[in-house]
Number of protein chains: 2
Amino acid sequence: MPGPHALDRALELEVVDADVVRGRTRPEWANMVGPFGGITAAVLLRAIESHPDRLGEPVALTVNFAAPIVDGEFEISRRAPRTNRTNQHWIAELSQDGDVKTTATAVFGIRRDTWSDTQATSPEAPPPEQVARSDHENLPTWVRLYDMRFAEGSFSGGHVDVGPSSTTTLWVRDAAGRPVDFPAIAAVSDIFFPRVFLRRGMVPSGTISLTTYFHVGQPHLDALGADYILGTAHANRFDRGFFDQSAQLWSRDGALVATTYQIVYFKG
Amino acid sequence: MPGPHALDRALELEVVDADVVRGRTRPEWANMVGPFGGITAAVLLRAIESHPDRLGEPVALTVNFAAPIVDGEFEISRRAPRTNRTNQHWIAELSQDGDVKTTATAVFGIRRDTWSDTQATSPEAPPPEQVARSDHENLPTWVRLYDMRFAEGSFSGGHVDVGPSSTTTLWVRDAAGRPVDFPAIAAVSDIFFPRVFLRRGMVPSGTISLTTYFHVGQPHLDALGADYILGTAHANRFDRGFFDQSAQLWSRDGALVATTYQIVYFKG
């Protein structure tokens, strides 16, 4: 009988006291330095959503990657400085041996049945069944946990075609078929390799701050299940050591699941 | 002789102790409820950049509007949980009588002379001299502090044309000719009226969380001076009481000054 899924293992948190939980890094989520940023975002979101005073569902999450997380245990403190009638504001900090490694703020809220509309348009891509799964050879460990199929701006087997575009569009799903929940979406929001690779090749780089806006509720995530998500990402500006990334996550049926932004450090 | 500019008055902060400063709301920045969100973002950024331990210039700022700020004094606590060699992470909280009203995180950094490029393209708009200044009648007090000239998706004199687009493009500059600095850019990043007005008319709404990425340094801001900035904003998704806004600020000479995102609460 298989053990828990790699994502669920990474999200296991032990309650230390009302405001602090303890977790640990998992080797299967290893990135170049420390764990994959997406799993750190996911575990911070889980730390907040598992707090007994949590109100509603995630609306916005900002994660600031302050310092590399080393292998082993970490503690996450989380508190809600403000709870309103239909939304709630959170601050969280992940630390190891008293050193802050990651900070986060989040907004949770209760959605109401009212007018909804999608203004953005989904990118063009052939169905995932018509695109080959990318090769995870020569890539960090965590990549093999996802089934990625690049329609544009590929990074397969550690190979990247440098050119004028910074856009990647890919289908992605959990390789083991785990259904998505909010932590899973938070993780996928960091799935895109650094945009600078498409312009300058594999230069040192790392996400400094990541913001994700969630545009669906749990029932919609339940309907998605473990199906592919269509992600598209591009940069707007590379400026002397920093660049931004703007991305969207779409369901196969054309729902905008999340929009997500990051600012990234790069060399060269 | 005129007194200090309205923005400089709003940014006046008194040092309480190493980590706390005190400011006060200014009537000229009044919005529908509490002060204009942009001035709150600006004062939080100023509170951080005026800290003696601050490293470099602003790279990213996230402001969470947790509760309305009432007229009068406020305190801002700010601390840097992490300082690296070329970047620094900040957490700030604005409170009144012990109640947290606004939280923020920021990343400051040192830019290095390296490869830079702009991937985004500036929106189409006639020069500001060919567009009429918008009418600030029937609009909140703070609007008269700006010279706004709408090229698309106007909201002038409290009138808005409801339609299928959520896009606004406008030229904006300080009405009194104050040169821009980072707090001024933080304020302008919240200059766009709620996108839902263009789709549903003037329904109750308010920004919950605002993230701005700065793509230029102080020398570039000095070169901008008090000239017009071209702003463009659109929504990607309205979803049961929340919508997002994605925006860009451009200089007249085609430099991308900032990209900025928000999640907004709305009724109806």
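Residues numbered from 1 in each chain as written. Chains lettered and ligands numbered in written order. Predicted model: local features only at pLDDT ≥ 70, side-chain atom pairs only at ≥ 80, totals over all residues. Heavy atoms only, no water.

Examining the overall build of chain A
Step number 1: Looking only at helices and strands, one finds five helices and 16 strands in chain A.
Step number 2: Whereas a compact globule of 268 residues would reach a radius of gyration of roughly 18 Å, chain A reaches 18 Å, a difference of no more than 12%.
Step number 3: In terms of principal-axis extent, the alpha carbons of chain A reach across some 50 × 45 × 45 Å.
Step number 4: Every one of the 268 residues in chain A was classed for burial, and the buried ones make up 60%.
Step number 5: The centroid of the 25 positive side-chain charges in chain A is displaced by 4 Å from the centroid of its 32 negative side-chain charges. (Helix = DSSP H or I, 4+ residues; strand = E, 2+ residues; numbered from the N terminus. Rg over C-alpha atoms; globule rule 2.2 N^0.38 Å. Buried < 20%, exposed > 50% of the residue type's maximum accessible area, 1.4 Å probe, protein only. Lys, Arg positive; Asp, Glu negative; His and termini not counted. Charge placed at Lys NZ, Arg CZ, Asp CG, Glu CD.)

A short note on the interface of chain B and chain A
Step number 1: Tallying the contact residues gives 67 residues for chain B and 67 residues for chain A.
Step number 2: Interface area lost by chain B to chain A is led by B:Trp115, B:Gln119 and B:Arg240, which between them contribute 14%.
Step number 3: Connecting chain B to chain A are six salt bridges.
Step number 4: Remark: the boundary between chain B and chain A carries 37 residue pairs in polar contact (both at pLDDT 80 or more).
Step number 5: Here the residues of the side of chain B that touches chain A are counted per class, giving 25 nonpolar, 26 polar and 16 charged.
Step number 6: Sheet topology note: the strand E7 (residues 117–118) of chain A/strand E14 (residues 237–239) of chain B ladder contains two bridges and is antiparallel. Note on E14(B): the bridge partner recorded for A:Thr118 is B:Arg237. (Contact = heavy atoms within 4.5 Å. Buried area = accessible area lost by both parts, 1.4 Å probe. Salt bridge = Lys/Arg side-chain N within 4 Å of Asp/Glu carboxyl O. Polar contact = N/O pair within 3.5 Å; in protein donor to acceptor, adjacent residues only side chain to side chain. Nonpolar A, V, L, I, M, F, W, Y, C, P; charged D, E, K, R; others polar. Pairing = 2+ DSSP bridges.)

Observations concerning the UniProt feature "domain: Acyl-CoA thioesterase-like C-terminal" (unreviewed entry) in chain A
Step number 1: Cross-referencing UniProt, the feature "domain: Acyl-CoA thioesterase-like C-terminal" (unreviewed entry) maps to residues 123–265 of chain A in the present numbering.
Step number 2: Helix makes up 13% of residues 123–265 of chain A and strand 40%, and the two end C-alpha atoms of the span are 27 Å apart. (UniProt positions renumbered as here; feature names shortened; annotations may be inferred.)

Focus on the environment of A:Thr102
Residues and elements named next belong to chain A.
Step number 1: When you line up the elements, Thr102 lands in strand E6 (residues 99–109).
Step number 2: A residue is classified by how much of its surface remains accessible, and Thr102, at 0% relative accessible area, is buried.
Step number 3: For the pair Thr102 and Thr40, spaced 62 residues apart in sequence, the C-alpha to C-alpha distance is 8.3 Å.
Step number 4: Every residue in contact with Thr102, bar those within four places of it in the chain, is listed here: Thr40, Leu44, Val63, Asn64, Phe65, Ala66, Ile69, Ala92, Glu93 and Leu94.

Description of the pattern of salt bridges
Side chains carrying opposite charge are able to pair once their charged atoms draw close together.
Step number 1: Throughout the structure, instances matching the rule amount to 38 salt bridges over all chains.
Step number 2: A:Arg26 is the salt-bridge partner of A:Glu12, the closest N and O atoms lying 3.4 Å from each other. Taken together, the residues span a long stretch of sequence, with A:Glu12 in the loop between helix H1 (6–10) and strand E1 (14–17) and A:Arg26 in the loop between strand E2 (20–24) and helix H2 (37–49) at a distance of 14 residues.
Step number 3: In this structure, the salt-bridge partner of B:Glu28 is B:Arg9, at a minimum N-O distance of 2.6 Å. Taken together, the residues span a long stretch of sequence, with B:Glu28 in the loop between strand E2 (20–24) and helix H2 (37–49) and B:Arg9 in helix H1 (residues 6–10) at a distance of 19 residues.
Step number 4: By relative accessible area, B:Arg9 is classed as partly exposed at 26%.
Step number 5: Through salt bridges with shared partners, a single network forms among A:Asp8, A:Arg46, A:Glu49, A:Arg178 and A:Asp181.

Some details on the packing of aromatic side chains
Step number 1: Across all of its chains, the model carries 35 aromatic pairs over all chains by this definition.
Step number 2: Ring centres of A:Trp115 and B:Phe238 lie 4.9 Å apart, and the angle between their planes is 45°; on these two criteria the pair is classed as tilted. Within this pair, whereas A:Trp115 is found in the loop between E6 and E7, its partner B:Phe238 is found in strand E14, the two belonging to separate chains.
Step number 3: Three or more aromatic residues joined by ring pairs form one cluster here, namely A:Trp29, A:Phe36, A:Trp142 and A:Tyr146.
Step number 4: Above the face of the A:Phe193 ring, A:Arg195 is positioned so that its terminal group lies 4.7 Å from the ring centre.
Step number 5: A cation sits over an aromatic face here: A:Arg252 above A:Trp171, 5.9 Å from the ring centre. (Phe/Tyr/Trp six-rings, centres within 6.5 Å; stacked < 30°, edge-to-face > 60°. Lys NZ or Arg CZ within 6 Å of the ring centre and 35° of its normal.)

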